[in-house]
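Analysis of the macromolecular model
If you want the building blocks of each chain, they are given just below.
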There are 2 protein chains.
Amino acid sequence: MAAPVLGHLDPDFLGIMDETTELLRLVFETGNRLTIPMSCTGSGGMETALINFLEPGDTAVVCVNGVFGERMEDIAGRCGSRVKRVEAPWGEAIDPDDVRRAVEGERVKLVAIVHAETSTGVLQPLTEIAQVAHAAEALLVVDAVTSLGGVPVRVDGEGIDVCYSGTQKCLSCPPGLAPITVSPRAEEVLAARKTSVSSWYFDLTMIRRYWGSERFYHHTAPVSMIYALREALRLVAEEGLEERYRRHRVNAVALGEGLQSMGLRLFVRPELRLPSLVSVVVPPGVDDVCLRRDLLTDYGIEIGGGLGELRGKIVRIGVMGYSSQRKNVMLLLTALEDCLNRQGFRVPVGESVSAALRVYERSEGAGSEPADGR
Amino acid sequence: MAAPVLGHLDPDFLGIMDETTELLRLVFETGNRLTIPMSCTGSGGMETALINFLEPGDTAVVCVNGVFGERMEDIAGRCGSRVKRVEAPWGEAIDPDDVRRAVEGERVKLVAIVHAETSTGVLQPLTEIAQVAHAAEALLVVDAVTSLGGVPVRVDGEGIDVCYSGTQKCLSCPPGLAPITVSPRAEEVLAARKTSVSSWYFDLTMIRRYWGSERFYHHTAPVSMIYALREALRLVAEEGLEERYRRHRVNAVALGEGLQSMGLRLFVRPELRLPSLVSVVVPPGVDDVCLRRDLLTDYGIEIGGGLGELRGKIVRIGVMGYSSQRKNVMLLLTALEDCLNRQGFRVPVGESVSAALRVYERSEGAGSEPADGR
């Protein structure tokens, strides 16, 4: 990001744009032509993914099992579409049968769902829901903000039509861009629109002309942010996707085992646990605000509080991107023991660390560190 | 931008946010509480400034004398409002009498106008148009993308209700944020909305709760970009606003005199010339694409081509922010002489440089360099 700022139509910058889109196709595991970073943070990616494919009067099925599903519903409603909400309890996954019932007997334009619910720590299985959406001739729109680069997001393999993410989660880049990819089928829907996209800034019919061969000016690209994303993606490519997914799994399991050995309860059942974010139930008698403040002040570690209806009930520990590594897991467990003990939640010192170590031993010492982890 | 990324709710980052808003108030010359950087480039600022104050059925008067006025019209139309267009020829300013006629006899929600038309190089006088807008009880929305920090943008002094800018022009920061300021009167209009803002990402009714004392999470702020903006604003404050305006004026006049002494014609008449961007008519027989390519390849200097209807007819030379300094003016004149001569447009070598030097002498040697110009 400290490199000199090039003009947004400078030939050298156009080369950097092309490299960035090629690397994005790699992490999205897609051949989609329209694969670009939007000039906004992840939530702007969400808006882009919905408003470009919805017109007034369209029906959208939106799956809600956390804060980000609710946000999708809010955005879809603002562009004049009718929203059908499919719900699951927070901490659970969406049931494909519920989606099937929602799309039955009517013309649904798209089904929107969150792959990695950052507010709960649930990893949503997508295969069956993709089949349901496609059987109903609806597009599948997937939020991969907290999965892309740390958990497989197989856009072509799963048949995802529109998928977006943020840069500051598993890609380990500063926040500021929203990678998005659009399938040929979704591009057809875009081309067949009868009305203008409700937002000029997020209008893909114009933006794709800047990122495509025309290089038609739309808005000035955030040049330094794109440098940062390109570099972050090069690190992902250097490590290798499958190795990176494995690293995220190992460190999340080690963290989870350590936490449970302290007597803490994980919020999500094992088969739905997200490898990039571990959510923990705040035990009775513990104040999560004090806990988080102590961790930040005394250890320089920031963990998230509960959002929405989970405020005060869970804490959320990110183990994503560069930060998904053994030394961070071990320090967090040690620090958490200390901070919980201060609040009178007695934890036997050292047991959590031993539990985590057993996981690392089982994984045969292989790669709990990122490619350039020092 | 290379500083470690803090969390978007980290107490240290909240301090940086407060400093940034305080410095933004300084450059906007305003006391407006709601003065923040939006997480997008300048065009996203334009969208924010229009859609938050327009509801379906409202009437907006949009002044068009260049590409960015047209963009305002496009955006205002997308949120369902009726747009009345007030025009002036490209290269001319909007006539306040035309605005007066447009607002007469009907309820107009806002008048939108570009202060510094980047596509033509015109600086629009605002005082009279502000009076006309306010007499009609309409808000005045001003695009200050290419003026803020280089040309006075006296938000409170002129009675501007909503004013936005970009970071990469006279503020000399990388592109990626859009500073915006909203008057108390415009905040009232926002609070009195009957419908949701058409965009979730740009919805000021929510974003102001993150930038205000509540610190309510909306979207993850682009942390590194905000570091960059804060630093750029500190440099503006260090130099001093009036000194900075003076520097922009001196360098633009020197450049303009030099260009004219080569036999080139400036596109805009003297009293409307923007001090941050000098537009020059491409002389007969000269190919602007070759000219710009030669300047970039052989001198590392990027100048802009004509946009829209001015494509191929003018070139646009930015002299803004850090780049507004004597050495850049002198090098550009020298380089342009060389590149024009190659195309057979014979220029007497050295005359333009002498003409520019005479301007610097008249300005008595004072400050043609930025505060930290080395």
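Residues numbered from 1 in each chain as written. Chains lettered and ligands numbered in written order. Predicted model: local features only at pLDDT ≥ 70, side-chain atom pairs only at ≥ 80, totals over all residues.

**Points about the interface of chain B and chain A**
The partner chain A presents 33 residues to the 33 residues of chain B that form the contact. Looking at the side of chain B that touches chain A, the element that brings in the most residues is helix α2 (residues 42–51) of chain B, giving four residues. Class assignment of the residues belonging to the side of chain B that touches chain A gives a composition of 13 nonpolar, 15 polar and five charged. (Contact = placed C-beta atoms within 7 Å. Helix = DSSP H or I, 4+ residues; strand = E, 2+ residues; numbered from the N terminus. Nonpolar A, V, L, I, M, F, W, Y, C, P; charged D, E, K, R; others polar.)

**A short note on the nonpolar core**
Ranked by internal contacts, the top residues of the largest apolar core, which has 236 residues, are L50(A), V111(A), A112(A), L50(B), V111(B) and A112(B). Setting aside anything within four residues of it in sequence, one finds L50(B) in contact with M72(B), I75(B), A76(B), A112(B) and V141(B). (Core = buried A, V, L, I, M, F, W, Y, C linked by C-beta atoms within 7 Å. Buried ≥ 20, exposed ≤ 12 C-beta atoms within 10 Å, placed from the backbone.)

**Quick look at the sheet that holds strand β11 (residues 304–305) of chain B**
Residues and elements named next belong to chain B. Sheet architecture is open: three strands sit in the order β10-β12-β11, paired in antiparallel fashion. Of all the strands in the sheet, the pair left with one neighbour each is β10 (277–281) and β11. Here β10 runs beside strand β12 (residues 314–318); their pairing, made up of five bridges, is antiparallel. Paired with S279 across the strands is R316, a residue of β12. The strands touched by helix α10 (residues 241–261) are β10 and β12; relative to β10, the strand with the most contacts, the crossing angle is about 10°. (Pairing = 2+ DSSP bridges. Axes fitted to C-alpha atoms, helices over the stretch in contact; angles between N-to-C directions.)

**A closer look at the relation of the copies chain B and chain A**
Structural alignment of chain B on chain A gives an RMSD of 0.0 Å, achieved by rotating through 180° and translating 0.0 Å along the axis. The superposition operator between the copies reduces to a two-fold rotation axis. No C-alpha of chain B lies nearer the rotation axis than that of C40(B), which sits 2.7 Å from it. A share of 100% of interface residues in chain B that are also interface residues in chain A marks the association as one of identical surfaces. (Least-squares fit on C-alpha atoms with pLDDT ≥ 70 in both.)

**Examining the sheet that holds strand β10 (residues 277–281) of chain A**
Residue and element names in this part refer to chain A. The antiparallel open sheet is built from three strands, whose spatial order is β10-β12-β11. Among the strands making up the open sheet, the edge pair consists of β10 and β11 (304–305). Against the sheet, helix α10 (residues 241–261) engages β10 and β12 (314–318), with an angle of about 10° to β10.

**What about helix α13 (residues 351–362) of chain B?**
Residues and elements named next belong to chain B. Look at α13: 17 Å from first C-alpha to last across twelve residues, which is about the 16 Å you get at 1.5 Å a residue. Considered for burial, the residues of α13 that qualify are S352, A356 and V359. Along the axis of α13, the buried positions cluster into a sector of 50°, meaning they face one direction only. Seen from the open side of α13, the exposed residues pointing more than 90 degrees away from its buried face are E361 and R362. (Expected span 1.5 Å × (residues − 1). Arc of directions from axis to C-beta.)

**A word on the pairing of strand β3 (residues 82–87) of chain A**
Residue and element names in this part refer to chain A. Of the strand pairs in this sheet, strand β2 (residues 59–64) and β3 are connected by six bridges, and their pairing is parallel. The residue of β3 that forms the bridge with V64 is E87. For the segment spanning β2, helix α3 (residues 67–78) and β3, crossover handedness is right-handed. (Right-handed = clockwise from strand over helix to strand, strands pointing away.)

**A look at the domain arrangement of chain A**
All names here are of chain A. If you check the domain split of chain A, you get domain 1 (11–238) and domain 2 (241–362). Inter-centroid distance (C-alpha atoms) of domain 1 to domain 2 is 29 Å. Across the contact, 23 residues belong to domain 1 and 23 residues belong to domain 2. Residues of the side of domain 1 that touches domain 2, tallied by class, amount to twelve nonpolar, ten polar and one charged. (Domains from an automatic or database assignment.)

**Things to note about the pairing of β12(A)**
All names here are of chain A. Burial analysis of β12 places five of its five residues in the buried class, the great majority of the element. Burial of the side chains of β12 extends over both faces: I314, R316 and G318 are buried on one face and V315 and I317 on the other. Note that β11 and β12 share two bridges and pair antiparallel. Residue pairing across strands places G305 opposite V315, the latter belonging to β12.

**Overview of the environment of P275(A)**
Residue and element names in this part refer to chain A. Its place among the elements puts P275 in the loop between α10 and β10. In this structure P275 comes out as buried when scored by C-beta crowding, with 28 C-beta atoms within 10 Å. In the structure, P275 is positioned 29 residues away from R246 in sequence and 9.3 Å away in space, judged by C-alpha atoms. Setting aside residues up to four positions removed in sequence, P275 forms contacts with G150, V151, H248, R249 and A252.

**Regarding the confidence of the model for chain A**
Interpretation of the predicted coordinates at a detailed level should be avoided for regions scoring low in pLDDT. Looking at chain A, the pLDDT average stands at 96 and 98% of residues meet or exceed 70. Model confidence for the complex is summarised by a pTM of 0.96, with the ipTM given as 0.95. (pLDDT = per-residue confidence, 0-100.)

**Some words on the packing of helix α12 (residues 326–342) of chain B against α13(B)**
All names here are of chain B. Relative to each other, α12 and α13 sit at 160°, their axes nearing to 9 Å. Put simply, α12 runs roughly antiparallel to α13. Crossing angle aside, the handedness with which α12 passes α13 is right-handed. Residue-level contacts link R326, V329, M330, L333, T334 and E337 of α12 to S352, V353, A356 and Y360 of α13. Its residues assigned to classes, the contact of α12 with α13 comprises six nonpolar, two polar and two charged. (Parallel < 35°, antiparallel > 145°, perpendicular 65-115°, else oblique. Left-handed = near helix turned anticlockwise from the far one by under 90°.)

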